[in-house]
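Structure at a glance
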There are 2 protein chains.
Amino acid sequence: MRIQPVRGTRDFLPQETRLRDYLQEKILHTYVQNGFERILTPALEDADNLDKSEGGENLNLIFKILKRGEKLERAIEEEEFQELSDIGLRYDLTLPLCRYYANNKAHLNLPFKVIQLDRVYRAERPQRGRMREFVQCDIDILGSDSSECEIELIYVMGKTLLAIGMKDFIVHINDRRLHNELLSRLGFPEEHHASVSITLDKLDKVGIDGVREELLEKGCSEESIDAFVELLESEGSMIDLVKSIVGEHEAVQSLEKIITASQKLSAGRYSIKYDLSLIRGQGYYTGTVFEITTPDFPGSIAGGGRYDKLIEKFIEEDVPAVGFSIGFERIFSILSEGGFVIPEEKQRIGVIYDAGMITEAIRDTEPLREEYEVTLFERPRKVGRLINRLEERGFSGFVYADNPGEIRLFER
Amino acid sequence: MRIQPVRGTRDFLPQETRLRDYLQEKILHTYVQNGFERILTPALEDADNLDKSEGGENLNLIFKILKRGEKLERAIEEEEFQELSDIGLRYDLTLPLCRYYANNKAHLNLPFKVIQLDRVYRAERPQRGRMREFVQCDIDILGSDSSECEIELIYVMGKTLLAIGMKDFIVHINDRRLHNELLSRLGFPEEHHASVSITLDKLDKVGIDGVREELLEKGCSEESIDAFVELLESEGSMIDLVKSIVGEHEAVQSLEKIITASQKLSAGRYSIKYDLSLIRGQGYYTGTVFEITTPDFPGSIAGGGRYDKLIEKFIEEDVPAVGFSIGFERIFSILSEGGFVIPEEKQRIGVIYDAGMITEAIRDTEPLREEYEVTLFERPRKVGRLINRLEERGFSGFVYADNPGEIRLFER
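Residues numbered from 1 in each chain as written. Chains lettered and ligands numbered in written order. Predicted model: local features only at pLDDT ≥ 70, side-chain atom pairs only at ≥ 80, totals over all residues.

**Section: the overall build of chain A**
What chain A contains, in helices and strands, is 15 helices and 15 strands. In terms of principal-axis extent, the alpha carbons of chain A reach across some 85 × 65 × 45 Å. Looking at chain A as a whole, 44% of its 412 residues qualify as buried. When contacts within chain A are restricted to residue pairs at least 6 apart in sequence, long-range pairs at least 24 apart make up 69% of them. (Helix = DSSP H or I, 4+ residues; strand = E, 2+ residues; numbered from the N terminus. Buried ≥ 20, exposed ≤ 12 C-beta atoms within 10 Å, placed from the backbone. Contact = placed C-beta atoms within 7 Å.)

**Details of the packing of helix H1 (residues 14-33) of chain A against helix H12 (residues 328-337) of chain A**
Residue and element names in this part refer to chain A. Direction vectors running N to C along H1 and H12 enclose 120°, while the axes themselves pass 11 Å from each other. By the angle between their axes, H1 is oblique relative to H12. The chirality of how H1 crosses H12 is right-handed. When H1 is examined against H12, the residues Glu 16, Leu 19, Arg 20 and Leu 23 are found in contact with a partner set consisting of Ile 331, Phe 332, Leu 335 and Ser 336. Across the contact of H1 with H12, the residue classes break down as five nonpolar, one polar and two charged. (Axes fitted to C-alpha atoms, helices over the stretch in contact; angles between N-to-C directions. Parallel < 35°, antiparallel > 145°, perpendicular 65-115°, else oblique. Left-handed = near helix turned anticlockwise from the far one by under 90°. Nonpolar A, V, L, I, M, F, W, Y, C, P; charged D, E, K, R; others polar.)

**Considerations on the nonpolar core**
Within the largest apolar cluster, 218 residues are counted, with the highest numbers of intra-cluster contacts made by A:Leu153, A:Val351, B:Leu153 and B:Val351. Among all residues touching A:Leu153, those that are not within four sequence positions of it are A:Ile139, A:Ile141, A:Val322 and A:Phe324. (Core = buried A, V, L, I, M, F, W, Y, C linked by C-beta atoms within 7 Å.)

**What about unusual backbone geometry?**
A cis amide bond links A:Leu110 with the next residue in sequence, A:Pro111, at an omega value of -10°. In the Ramachandran plot, B:Glu54 falls in the positive-phi region, its phi being about 55° despite a non-glycine side chain. A tally of 15 C-beta atoms within 10 Å means that B:Glu54 is categorised as partly exposed.

**Observations concerning the interface of chain A and chain B**
Each partner contributes to the interface: chain A provides 74 residues, whereas chain B provides 74 residues. The residue inventory of the side of chain A that touches chain B, partitioned by class, reads 32 nonpolar, 16 polar and 26 charged.

**Side note on the sheet that holds strand E15 (residues 408-409) of chain A**
All names here are of chain A. With mixed pairing, four strands are arranged side by side in an open sheet as E13-E12-E14-E15. Each edge of the open sheet carries a strand with a single partner, namely strand E13 (373-378) and E15. Pairing between strand E12 (residues 348-353) and E13: six bridges, direction parallel. Looking across to E13, one finds that Val 351 is bridged to Leu 376. Sitting on the sheet, helix H13 (residues 358-365) touches E12, E13 and strand E14 (397-400), and the angle it makes with E12 is about 145°. (Pairing = 2+ DSSP bridges.)

**Re the relation of the copies chain A and chain B**
Taken together, a rotation about one axis and a shift along it account for how the two chain copies relate. Superposing chain A onto chain B requires a rotation of 180° together with a translation of 0.0 Å along the rotation axis, leaving an RMSD of 0.0 Å. In short, the pair behaves as if placed about a two-fold rotation axis. Closest approach to the rotation axis among the C-alpha atoms of chain A is made by A:Ile65, whose C-alpha sits 2.2 Å away. The residues that chain A uses at the interface reappear at the interface of chain B in 100% of cases, marking a shared surface. (Least-squares fit on C-alpha atoms with pLDDT ≥ 70 in both.)

**A few points about the packing of H1(A) against helix H5 (residues 148-163) of chain A**
All names here are of chain A. With their axes 9 Å apart at the nearest point, H1 and H5 run at an angle of 145° to one another. The two elements H1 and H5 cross, and the hand of that crossing is right-handed. Here Lys 26, Ile 27, Thr 30 and Tyr 31 of H1 lie close against H5, whose contacting residues are Val 156, Lys 159, Thr 160 and Ala 163. Each residue belonging to the contact of H1 with H5 can be placed in one class, and the counts come to four nonpolar, two polar and two charged.

**Let's talk about the pairing of strand E11 (residues 321-327) of chain B**
Residues and elements named next belong to chain B. The element E11 is largely enclosed, with a buried count of seven among its seven residues. The alternating pattern of E11 places Ala 321, Gly 323, Ser 325 and Gly 327 on one face and Val 322, Phe 324 and Ile 326 on the opposite face, and all of these are buried. Bridging between strand E6 (residues 133-142) and E11 involves seven bridges; their strand directions are antiparallel. Bridge pairing in E11 links Asp 138 to Ser 325. As judged from the five bridges shared by strand E10 (residues 297-306) and E11, these two strands associate in the antiparallel manner. Bridging from a neighbouring strand, Gly 305 pairs with Gly 323 of E11.

**Observations concerning helix H1 (residues 14-33) of chain B**
Residues and elements named next belong to chain B. With 20 residues, H1 should reach 28 Å at 1.5 Å per residue; the first-to-last C-alpha distance of 28 Å fits that figure. Buried within H1 we find Pro 14, Arg 20, Leu 23, Ile 27, Thr 30, Tyr 31 and Gln 33. One or two residues past the end of H1 sits Gly 35, with phi positive at roughly 85°. (Expected span 1.5 Å × (residues − 1).)

**A look at the confidence of the model for chain A**
Model confidence for chain A is summarised by a mean pLDDT of 93, while 100% of its residues fall at 70 or above. Across the interfaces of the predicted complex, the ipTM metric reaches 0.94, alongside a pTM of 0.95. (pLDDT = per-residue confidence, 0-100.)

**Topic: the environment of A:Glu250**
Residues and elements named next belong to chain A. Secondary-structure assignment places Glu 250 in helix H11 (residues 250-266). Of the residues examined, Glu 250 has 13 C-beta atoms within 10 Å and is grouped as partly exposed. With 72 residues separating them in the primary sequence, Glu 250 and Leu 178 have C-alpha atoms 8.4 Å apart.

**Here's the deal with the sheet that holds strand E1 (residues 37-38) of chain A**
In space, the eight strands of this open sheet follow the order E1-E5-E6-E11-E10-E9-E7-E8 (chain A), with mixed pairing throughout. Two strands lie at the open edges of the sheet, namely E1 and strand E8 (271-274) of chain A, each paired on one side alone.

**Quick look at the domain arrangement of chain A**
Domain annotation of chain A identifies domain 1 (14-43 + 90-337) and domain 2 (348-409). Using C-alpha coordinates to define each centre, domain 1 of chain A is positioned 49 Å away from domain 2 of chain A. (Domains from an automatic or database assignment.)

**Considering H12(A)**
Those residues of H12(A) lying buried are A:Phe328, A:Arg330, A:Ile331, A:Phe332 and A:Leu335. Buried residues belonging to H12(A) abut H1, strand E6 (133-142), strand E10 (297-306) and strand E11 (321-327) of chain A.

**Section: the pairing of E6(A)**
For E6(A), a buried count of 10 out of 10 residues is recorded, marking the element as mostly surrounded by other parts of the structure. With burial as the criterion, each face of E6(A) is covered, one bearing A:Glu133, A:Val135, A:Cys137, A:Ile139 and A:Ile141 and the other bearing A:Phe134, A:Gln136, A:Asp138, A:Asp140 and A:Leu142.

**Some points on the environment of A:Leu97**
All names here are of chain A. For Leu 97, the position within the fold is in helix H4 (residues 94-104). Residues Leu 97 and Thr 199, 102 residues apart in the sequence, show an inter-C-alpha distance of 29 Å. Sequence-distant contacts of Leu 97, that is, excluding residues within four places in its chain, are made with Val 114, Gln 116 and Asp 140.

**Some points on the environment of A:Arg125**
Residue and element names in this part refer to chain A. Counting through the fold element by element, Arg 125 comes out in the loop between strand E5 (112-121) and E6. Look at Arg 125 and you get exposed, because 9 C-beta atoms sit within 10 Å. Sequence-wise, Arg 125 and Arg 7 are 118 residues apart; in three dimensions their C-alpha atoms are separated by 9.4 Å.

As structure tokens, this is what we get:
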């Protein structure tokens, strides 16, 4: 039998699991404290729903579940190899949330402030901090098109990252409407917009020269490219420069409002920055997009945006929506590699008992369990070795079961 | 697009999710308090590992993941339809735990007392309390063949069920070795044992007459069947009766030790019962098996047993093991349908602010978030309606953001 986990997935050791549980608990707690409510959706999702979800590149990364029994036999017999599967594993939590709202709206009130903290699956090429099975921690607000939702999401997200010890992070923000308007004003024809955006999205990977080259290859005019690059490289207030090009566009007003409010609420503990190179890959975004970066990690640790038209794919109802998601594996990489120590952990105590005496050992050490995490060990032949091992494994001390009053704490 | 969740899976509303989180937290906490350590394994598992795991009927219920790209094309071209998949979704947490131990043993110490609390998948016919995606809460002890492990597991499991408010439950216990010995002594030929056990496992579904009929059809002698039925129906101490048939078998000694100790530790809060009709479906059990029933639910709410030979399928090492698992969906059904109320929940307070004033509303009500769960609401035209809705949804009260000091609690 194969002992390694499936490619792109991993096992977590007890101490790693402790850290994951601590961080997820802290994230969930901060979300809940700020009035968001958790829901649960299945990891399995209708394959058609996934395929039609405008998830950009993620649609190429869906794990599909093989049909079973007669349905499978029929697909094979009729050589309908597109029909081998009708269920997939979700690649994010946004599409399932939209389906969830459609399915459960009779029991929900708008605005609906919702938490999802769960596993998702993508058949990506595995690399550091990028797994095929990973956890996302999302907050979303459904049912309001006010940019105050964005302010609230950035505020709660900032608070959450601070609560788990993240520092010096930057919230990058842009607006899809502004981005498209800007491209038009700089002379990129509208039919090029999507393709230009894909190139711009690679800026952090290929640099400005790489972007320039690719845009030329795509047949954009040198003049438009120069204007865009000049903008990217210019110093001074980016938003003022963009305003001088597009005028008083509603997306500019929205961005300025969000940035001003978020800066005030951050109280200097993190920064907010208009970033005209921020695009994000998903096709379903319709307005604001955001991402959070930190000096500790290439790429982003959180991202999100407004998707006002996704729910109406499920029901004929106009439900604007915006969400923000923590990429948990990246946070976990950063903190576990940085030697993060869980604050105020309960102390662990070993109880050493003689073979045959487990009933008494449990009964007599019962009160210890309120204050400590108590692990039972049958007394081995070499007690000293066991005690050394306990100390190495982070236990605080031990007691002999026949003398439960006397806890011998290790000196640190 | 399809708005219902995939067949056999379900969405959970916020209040349901709250209860699930509370219960899982409580279960995890009780396990941890008693010295068990949580680990995580992927939901995806190598298909061969699953197929060869002796999981009994569960092997027919595995969801398989379709191969992708070239690997898929090759399987189709070569008409190797058995090769359409090489990954499956785990059907339980025991097989992944054995693989995990083999993969990570350099970092682990024996005995390893381990927690798993996670989702598993089975393509079963959905029914009440039986889903295709569901949560199991397992504790296992690896590396010891002492029956004190069973005592410890039953003790921790009993404590856990009491902690979440379960009452009047019965721990049923048997031993595969004893079961087989008993069948031999009653004259069932050894080659019939597996088949007889399958029939006996249906006792609660088909009754004694059904069992008798099926055993006759299977060609068992009437004499053997009568002896077994007489045993099943007899009153008085079952274990003494069985002892009078099999003599001083080591499994009898083990069972008696476990039952005596567990009764002592239960202090009358639940009961332990030798149950000679308890078999359990999995092929990998080698000794003790247990199950917990409650008057509130047909079928069991927890189950487990000893599987001393499963880890050696992965590595050439003799690692005895025993585990106990809560079927979380059943517990959740019982408690949510019984109107279970989460004790000591934080109060929820609504903050009503005027449009455009979210920054001030957040800043001024910040201190409330330490004590309450605080949800922001933009002041609607009809404030009375919002306030009624808050009350209905279980909020404790509200404040106007321009007067954050004055919380108006609803009277209950």
